[in-house]
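Remarks on the overall topology
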Amino acid sequence: MADDTVAELNELFGDGVQELQADFVAELESITRLHDLSAQDLFYKWEAYCIKMDKDEQKADLASLRSLKQELQDALERSHRTKAVSDPDKRLGATPRTTTRGADIFGMLDGLTTPGAGRSGKSSAKRKHFDTPGVSRIRAEAASSPLRLEEQFKEMGVVPALAFNDRQNPGEVIEILGDHLKPAEPPIAPFSEPRIKLTAASDQKKLGYRPLAMKLSEASEVLDDRIDDFMYLVMEHHNLEESAFGSAAMQSTTEIVAVGRIASDSPEGKLNAASLVLETSRRTGGGWRVPLNLEKLPSYQFFPGQIVAFKGINTSGSSFTVHEQLAIPTLGSAASTRETLLAHRERLRGNSDPDAMETDDSSEPLPLTILFASGPFTADDNLDFEPLHALCSQAADTYADALVLTGPFLDAEHPLIASGDFDLPSEAEGNYDPDTATMSTVFKYLISPIINRLASSNPSMTILLVPSVRDVIDKHVSWPQDAFSRKELNLHKNAKIVGNPMTLSMNEMVMGITSQDILYELRHEELVGTNKGGKPADPNALSRVSRYLIEQRHYFPLFPPADRKKLPKTGVDSGVGSGGLPPGAMIDVSYLRLGEMVNVRPDVLVVPSALPAFAKVVESVLVINPGYLSKRRGAGTYAKMTLYPPSLGSLPEVDGMMAHQVFERARVEITKI
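Not measured: the values here are computed from a predicted model.

Our focus in this paragraph is helix α6 (residues 216-237). Counted at 1.5 Å a residue, the expected span for α6 with its 22 residues is 32 Å, and the 32 Å between its end C-alpha atoms agrees. Considered for burial, the residues of α6 that qualify are Ala219, Val222, Leu223, Asp224, Arg226, Ile227, Asp228, Phe230, Met231, Val234 and Met235. Summarising the contacts, the buried residues of α6 are in contact with β3 (256-264), β4 (276-279), α7 (282-285), β7 (307-313), β8 (320-326) and α14 (541-552). Following α6 by one or two positions, Asn239 has its phi on the positive side, about 55°.

Right, dumping it as structure tokens:
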């Protein structure tokens, strides 16, 4: 058993070439024993610590590891002190109850959860002092619910969450991108007309395919075609002749250009330099896989499913020696004509009521305010949806122009949803038939009223809902995913339901959205290495995994998807539903083309993830991870974007088209709910 643990630690913390030193392994084992962590959970803690400390490289060393150990110990002591204050009836000196292994792996960042520290199960419903406006334009109080039953959660193995009203530092801005721009002042009255014009770039009708009907022949053709398509892109971008390309699996003394897919020679374990192979298409290489020799590359960063182009040679017939990695061309930047941008600028004036707001045609239009949030929208111990109430209250009070919500809305992995042991609020009594009620009925009475009150308070607001493969109300269970039906949901007409993924335009801004957590899977499946003192091309993990999406022109370029066991655990008990394992990516390979980015690079890419929330500019694309609005045992985060109108005099013009350059005129704030 000890040998297995050491092997796992070497796989996670090692470089894939040399084994870890004995003192380093001893320190790792000490932390796992002290805090009751698995090797995988300790690795998650290490990654979160690196991001928190802004370390350029995530290569573990003994000094940093001891700093992490002290950080975990300090967080544990803070948690004990906090609990002692919040629970005065607790007997002094009692042994704190430990949580289950793998609890809230990123809790270290905000102090909400630490391994080994128990949670108080007492409800704080009487304390209504959370930081939201005293008189809101919509009712922010959640409907009463009889779901906070300590005995019920004890039976289900669920640790009660921190009460939403007791959350720490609500409204705190934890990261700002574009701080040279001023935050927008909310208008004194709502606009009479929507200031956003929605235009779909993706063909949403194609997402209505029949799931669970994948044929192996179709799937293999899709995978093959993707390699061949990239070969022609590389050929055109680098001005190469078709004769320069060849099969990496064929023995030859002539240098060739080989295009293929990164894969591993083993179906299990993490990708490493020894297991790396290049998979060819049937057209160019007969579908053969050939091992790769990367010794001549100064650095490399790969993940399974990545389409790459190499210059190299296979003299032995047993491996392909890579001399150079050729760049994959990205899509062009989004651009519009001057007339189109002028029309969008005028739309920002909103045709507001002159009695409510004075406008001057010569003045600068007010910027757009767009809020982004991702589910889950409620903690594990209730279905009150308090974070969603608070977010919609904030959107109503500031007269936001748009609210973008990505699922899951009713999470199949929520303990109460999975067990089916919950009641609808009292307002629903007598309005539905218990014998015929479905999850759509649950959505109608728990979520729709929140969204409808927001839409009624600000009729000019645009509300977008993006489904998730974890949504129980969506019959389309695979990704790419069709929009769920509006039937029986009783949603306001201003609420638009789109597919997953979706590329659309808000005025001139091209936005790509997916609720799939591709960033987390890429981060834990990628291989980053160096040779002969080389340095990684991009040492920042968050920008690196974001760049993968842009370079590969796809919302989910990873293939095969990560094992479900490697994904963040859910709150479902091991004996209920999926047994605590998330559903995973649920990819339908036959329709992977529907996950491709459309025509141009998006100006804004919204990719919610379990990784720490962030906003970054990567390849002139504004990438936003708003985080989850509600964590399993505490409040989460959302993103607020202030987008200023384009200044036509400063935008470059090529062939009558002007690049949008949204990243230069957008301010993004990652905020605690």
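Now for the packing of aromatic side chains. A complete count under the given rule lists 10 aromatic pairs for this structure. Seen in terms of ring centroids, Phe302 and Phe310 are 5.8 Å apart; in terms of plane orientation they differ by 85°. Their pairing is edge-to-face. By relative accessible area, Phe310 is classed as buried at 0%. Ring plane angle 20° and centroid distance 5.4 Å describe the contact between Phe377 and Phe409, whose orientation is recorded as stacked. Placement of the pair is Phe377 in the loop between β10 (368-374) and α9 (386-397) and Phe409 in the loop between β11 (402-406) and α10 (415-419), with a sequence separation of 32 residues. For Phe409, a relative accessible area of 3% corresponds to the buried category. Pairwise contacts between aromatic rings join Phe377, Phe409, Phe443 and Phe484 into one cluster.

Moving on: the sheet that holds strand β2 (residues 198-200). With mixed pairing, the six strands of this open sheet are ordered in space as β2-β14-β15-β17-β19-β18. Every interior strand has two partners, whereas the edge strands, β2 and β18 (614-618), have only one. The average undirected angle you get between the axes of adjacent strands in this sheet is 25°. Judged from the five bridges that link them, β18 and strand β19 (residues 621-625) form a sheet pairing that is antiparallel. Considered in β19, the bridge of Phe614 is made with Asn625. Strands β17 (604-606), β18 and β19 of the sheet are contacted by α14, whose axis makes an angle of about 55° with β18.

The next thing to look at is the pattern of salt bridges. For the structure on display, the rule yields 22 salt bridges. Ionic pairing is found between Arg665 and Glu508, a salt bridge with its closest N-O pair at 2.8 Å. Taken as a pair, Arg665 in the loop between β24 (657-659) and β25 (666-672) and Glu508 in the loop between β14 (502-506) and β15 (509-513) lie far apart in primary sequence, 157 residues in all. Classification of Arg665 as buried rests on a relative accessible area of 8%. The exposure class assigned to Glu508 is buried, which follows from its relative accessible area of 7%. A salt bridge links Glu526 to Arg523; the nearest nitrogen and oxygen atoms lie 2.9 Å apart. The exposure class assigned to Arg523 is buried, which follows from its relative accessible area of 11%. Each of Arg226, Asp229, Arg593 and Glu596 takes part in salt bridges that share partners, so that together they form one network.

Rules used in this analysis
Residues numbered from 1 in each chain as written. Predicted model: local features only at pLDDT ≥ 70, side-chain atom pairs only at ≥ 80, totals over all residues. Heavy atoms only, no water. Helix = DSSP H or I, 4+ residues; strand = E, 2+ residues; numbered from the N terminus. Expected span 1.5 Å × (residues − 1). Buried < 20%, exposed > 50% of the residue type's maximum accessible area, 1.4 Å probe, protein only. Contact = heavy atoms within 4.5 Å. Phe/Tyr/Trp six-rings, centres within 6.5 Å; stacked < 30°, edge-to-face > 60°. Pairing = 2+ DSSP bridges. Axes fitted to C-alpha atoms, helices over the stretch in contact; angles between N-to-C directions. Salt bridge = Lys/Arg side-chain N within 4 Å of Asp/Glu carboxyl O.

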